[in-house]
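Spelled out from the first residue to the last, the chains are:
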Amino acid sequence: MKFSETGLHPSILEGIEAMGFEETTPVQEQAIPVILENRDVIAAAQTGTGKTAAFLLPVIHRIMESSSDDNEDQIKALVIVPTRELAVQIDQQMEGLSYFTNISSIAVYGGGDGSSFTREKQALTTGAKVIIGTPGRLIAHLNMGYVKMNTLEHLILDEADRMLDMGFNDDIMRIISFLPKKRQNLLFSATMPNKIRELARKILHEPEEISIAISKPAENVAQGAFSVYD
């Protein structure tokens, strides 16, 4: 399917075209229409299948539809990821895909200096519309009481299986306790073990299930192993 056939906002299509994309990947083709319908999604897709754009594009579209130009920025979407590297990567994709829109975003993650925490606090206080963050850093800000999540409409958990493997289950549930009960929930994972389905039962409501080649990596991802000495 061509992106022009997805029903996405023209400003979003302009950003997609500027990035050199014309056709959707399978996970994008299946996920975008469902997310545009405001339904919850649980999706299994490997790295390299285009899953980041599969949730960012329709979420950007829905934020544009629900936000008027005269509203000051409010937090509309929260993307929770396991690592700072992934937070930065998603934020970079967000910047490209939303370049021709008025949607602001910020990556929130640990490991920086005091100035980065202050910058994050300012963005969270004034209201970047999309927050991409790691669990520990998000909790650090939420516990201080200045992050207002009452306007949030979309929660996305990316690489959920990895987050659970890293022991973030309690942190995720803690973050969710700060969010409005009424929201769209999107869960993306490379695998679908029982612990992921248990998490999905806790936070998703009648989700659409999407599965894209979970038994093998994406064709354009090369894997290798090296035997090294201690």
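Everything discussed here concerns the structure shown above.
Residues numbered from 1 in each chain as written. Predicted model: local features only at pLDDT ≥ 70, side-chain atom pairs only at ≥ 80, totals over all residues. Heavy atoms only, no water.

1. Side note on the overall build of the protein chain
Next, step 1: Along the protein chain, the regular secondary structure elements total nine helices and seven strands.
Next, step 2: Relative to the 2.2 N^0.38 estimate, which gives 17 Å for 230 residues, the radius of gyration of the protein chain is 17 Å and therefore close to what a compact globule would have.
Next, step 3: For the protein chain, with 230 residues in total, the buried portion stands at 50%.
Next, step 4: Counted over contacts in the protein chain with a minimum sequence separation of 6, partners at least 24 positions apart contribute 79%. (Helix = DSSP H or I, 4+ residues; strand = E, 2+ residues; numbered from the N terminus. Rg over C-alpha atoms; globule rule 2.2 N^0.38 Å. Buried < 20%, exposed > 50% of the residue type's maximum accessible area, 1.4 Å probe, protein only. Contact = heavy atoms within 4.5 Å.)

2. Quick look at the sheet that holds strand β1 (residues 41-45)
Through backbone hydrogen bonds, the strands of a sheet pair up, either in parallel or in antiparallel fashion.
Next, step 1: If you walk across this open sheet you meet the seven strands as β3-β4-β2-β5-β6-β1-β7, and the pairing is parallel. Across the chains shown, the open sheet's two edge strands, defined by having one partner strand only, are β3 (105-108) and β7 (208-212). Taken over all neighbouring pairs, the strand axes of this sheet differ in orientation by 15° on average, direction set aside.
Next, step 2: Pairing between β3 and strand β4 (residues 130-133): four bridges, direction parallel. Paired with Val108 across the strands is Gly133, a residue of β4. (Pairing = 2+ DSSP bridges. Axes fitted to C-alpha atoms, helices over the stretch in contact; angles between N-to-C directions.)

3. Description of the pattern of salt bridges
Next, step 1: Evaluation of the coordinates by the stated rule reveals eight salt bridges.
Next, step 2: The closest approach of N and O atoms between Glu23 and Lys2, which form a salt bridge, is 3.6 Å. Of this pair, Glu23 sits in the loop between α1 (10-18) and α2 (26-36) while Lys2 is found in the segment before α1, placing the two residues 21 residues apart along the sequence. (Salt bridge = Lys/Arg side-chain N within 4 Å of Asp/Glu carboxyl O.)

4. Things to note about the pairing of β1
Next, step 1: β1 sits mainly inside the fold: five of its five residues count as buried.
Next, step 2: Of the two faces of β1, the one holding Val41, Ala43 and Ala45 and the one holding Ile42 and Ala44 are both buried throughout.
Next, step 3: Where β1 and strand β6 (residues 184-189) come together, four bridges link them in parallel fashion. Among the inter-strand pairings, Val41 is bridged to a residue of β6, identified as Leu186.

5. A closer look at the pairing of strand β2 (residues 77-80)
Looking down a regular strand, the side chains alternate between one sheet face and the other.
Next, step 1: By the alternation rule, side chains of β2 split into Ala77 and Val79 and Leu78 and Ile80, which are all buried.
Next, step 2: Across four bridges, the pairing between β2 and β4 is parallel. Across the sheet, Ala77 pairs through a bridge with Val130, a residue of β4.
Next, step 3: As defined by bridge partners, β2 adjoins strand β5 (residues 154-157) across four bridges and the pair is classed as parallel. For Ile80, the partnering residue across the bridge sits in β5 and is Leu157.

6. Digging into the environment of Thr101
Next, step 1: Positionally, Thr101 belongs in the loop between α4 (84-97) and β3.
Next, step 2: Taking the C-alpha atoms as reference points, Thr101 and His9, 92 residues apart in sequence, are found 9.4 Å from one another.
Next, step 3: A distance of 3.2 Å separates a polar atom in the side chain of Thr101 from the backbone nitrogen of Ile103. (Polar contact = N/O pair within 3.5 Å; in protein donor to acceptor, adjacent residues only side chain to side chain.)

7. Description of the packing of aromatic side chains
A ring pair, where both rings are aromatic, is described by two values, the distance of the centres and the angle of the planes.
Next, step 1: One pass over the full model with this rule turns up two aromatic pairs.
Next, step 2: Ring centres of Tyr99 and Phe100 lie 5.1 Å apart, and the angle between their planes is 80°; on these two criteria the pair is classed as edge-to-face.
Next, step 3: Take Tyr99: its relative accessible area is 62%, and that puts it in the exposed class. (Phe/Tyr/Trp six-rings, centres within 6.5 Å; stacked < 30°, edge-to-face > 60°.)

8. Some details on the nonpolar core
Next, step 1: Counting 39 residues, the largest nonpolar core has Phe55, Leu57, Val79, Ile90, Val130 and Leu186 as its most contacted members.
Next, step 2: Among the elements that line this core, the one with the most residues is helix α3 (residues 51-66), at nine residues.
Next, step 3: By size, the runner-up hydrophobic cluster in this structure holds 35 residues, among which are Ala123, Ala128, Leu155 and Leu179. (Core = buried A, V, L, I, M, F, W, Y, C linked by side-chain atoms within 4.5 Å.)

9. Comments concerning the side chain of Ser98
Next, step 1: Looking at the element boundaries, Ser98 is found in the loop between α4 and β3.
Next, step 2: We classify Ser98 as buried; its relative accessible area is 6%.
Next, step 3: Engagement of the side chain of Ser98 in a polar contact is seen with the backbone oxygen of Met94, the distance being 2.6 Å.

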